[in-house]
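Observations on chain architecture
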Amino acid sequence: MTAFTASFITLAIVGMLDAGYLVWKHYHNSTKPFVCPLNGDCSKVTESDWSHIFYVRNEVLGLLFYAAMLGAGIITFVKQEFFLLSFPLASLIKLAAGTGLLFSLFLLWVQKYKIENYCFYCMLSALITLLLFVNSFFL
Amino acid sequence: MKKGVVKDHLLVSFFLRAAIAVPFLYAAVDATLQPEAWLGFMPSFLLKLLPRSILLLGFSLYELGLSLWLLSGYKTKYASGLAVLTLLAIIAANISALYIVFRDVGLMLAALGLHTLNHDKK
C-alpha cells in the first residue's frame, strides 16, 4: 500500500506545481502570454468571468486542494506506520478527491460550452484530480 | 518553423519532460517513505562511503530537484542531458537486475529524445 501512498503524494506534488504555475502566472507574470502546447488561449479561460468562485480564484482553490491532498497523503503514511489516527481518513480523502473531480468536470464543461476555449493546464489539473480520485481507493 | 509545428514541438517537449520527471519524482517520494526497498539499487561502494540514510535522502533530493527542473522547462537541454547521465548511471549500477531496470533504458532514450529536441536551444 505504501507504493500507492507514494503515487498519491507524487500526484499531489505535480498538481501543486500545475496550480502553482497558474497562481504565479496571474500574480507575478500576467503580462507575458501563456505557453500553451494545445494551441489554445489559456488566458481567455484563466481571466474569464468563470475564474472565481466565492471571490477566490480557481487556481488558488486548486493549490489549496492539492496541498490538502499532499497533507492527507503524508498523514496516511504516518498512520500506516504508527497507527496514530483512528478517524476514517480514507473516507475523507475519497470524499475530498471526489468533490475535486466533480469541480474539475464542471470547469471542463464551462470551458467547452461557456468560454468555448481550453486551458491546457486546467485540463491537466482535471486529469491529475481524476488520477488522485482513483488512487484514493487504494490507500 | 510554422506555427503548428511550434505548437507540436511544445506539446511533445511537455509530454517528454513529464514522462521523465514523474518517475524521478515518484522514486524520490517512495524512497523517502520506504527506504529499505530502494537500498538494494544503490552501488555497494557508495554504501560503504556514506551512511545509508544520508545517501538515500541525498539521492531523493537530487531526483526531486531534477524532476522539478525538467517540469519547469528551464534550460531543458541541460536538464535532459543530466537525466540521460543519471539514468545511464542507474542502469550501469544495476545491470545485474536488468529485468527491473530495462524500463530505465526506455526512459533514458526518451530523455535522449528530449535532449535532441532541444539541442539547438540556448
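Above: the structure in question.
The paragraphs below set out a description of the structure included in this document. Worth saying up front: this structure is predicted, and the values here are computed from it rather than measured.

Points about unusual backbone geometry
Phi is positive for A:Tyr55, close to 65°, though the residue is something other than glycine. Mapped onto the fold, A:Tyr55 is located in the loop between strand S1 (52-53) and strand S2 (56-57). Look at A:Tyr55 and you get exposed, because its relative accessible area is 84%. With a phi angle near 45°, B:Lys75 is a residue other than glycine that sits in the positive phi range. As for its placement among the helices and strands, B:Lys75 is situated in the loop between helix H3 (52-72) and helix H4 (76-93).

A look at the interface of chain A and chain B
Listed by partner, the interface residues are 18 residues for chain A and 15 residues for chain B. For the pair chain A and chain B, the summed buried area comes to about 1400 Å², and 81% of that belongs to carbon and sulfur atoms. Where chain A touches chain B, the interface holds zero salt bridges. At the boundary of chain A with chain B, the tally comes to one residue pair in polar contact (both at pLDDT 80 or more). Elements with a contribution of two residues or more to the side of chain A that touches chain B: helix H1 (2-28) and helix H5 (120-136) of chain A.

Rules of the game
Residues numbered from 1 in each chain as written. Chains lettered and ligands numbered in written order. Predicted model: local features only at pLDDT ≥ 70, side-chain atom pairs only at ≥ 80, totals over all residues. Heavy atoms only, no water. Helix = DSSP H or I, 4+ residues; strand = E, 2+ residues; numbered from the N terminus. Buried < 20%, exposed > 50% of the residue type's maximum accessible area, 1.4 Å probe, protein only. Contact = heavy atoms within 4.5 Å. Buried area = accessible area lost by both parts, 1.4 Å probe. Salt bridge = Lys/Arg side-chain N within 4 Å of Asp/Glu carboxyl O. Polar contact = N/O pair within 3.5 Å; in protein donor to acceptor, adjacent residues only side chain to side chain.

Interpretation note: all reported values are geometric properties and have no functional meaning in isolation.
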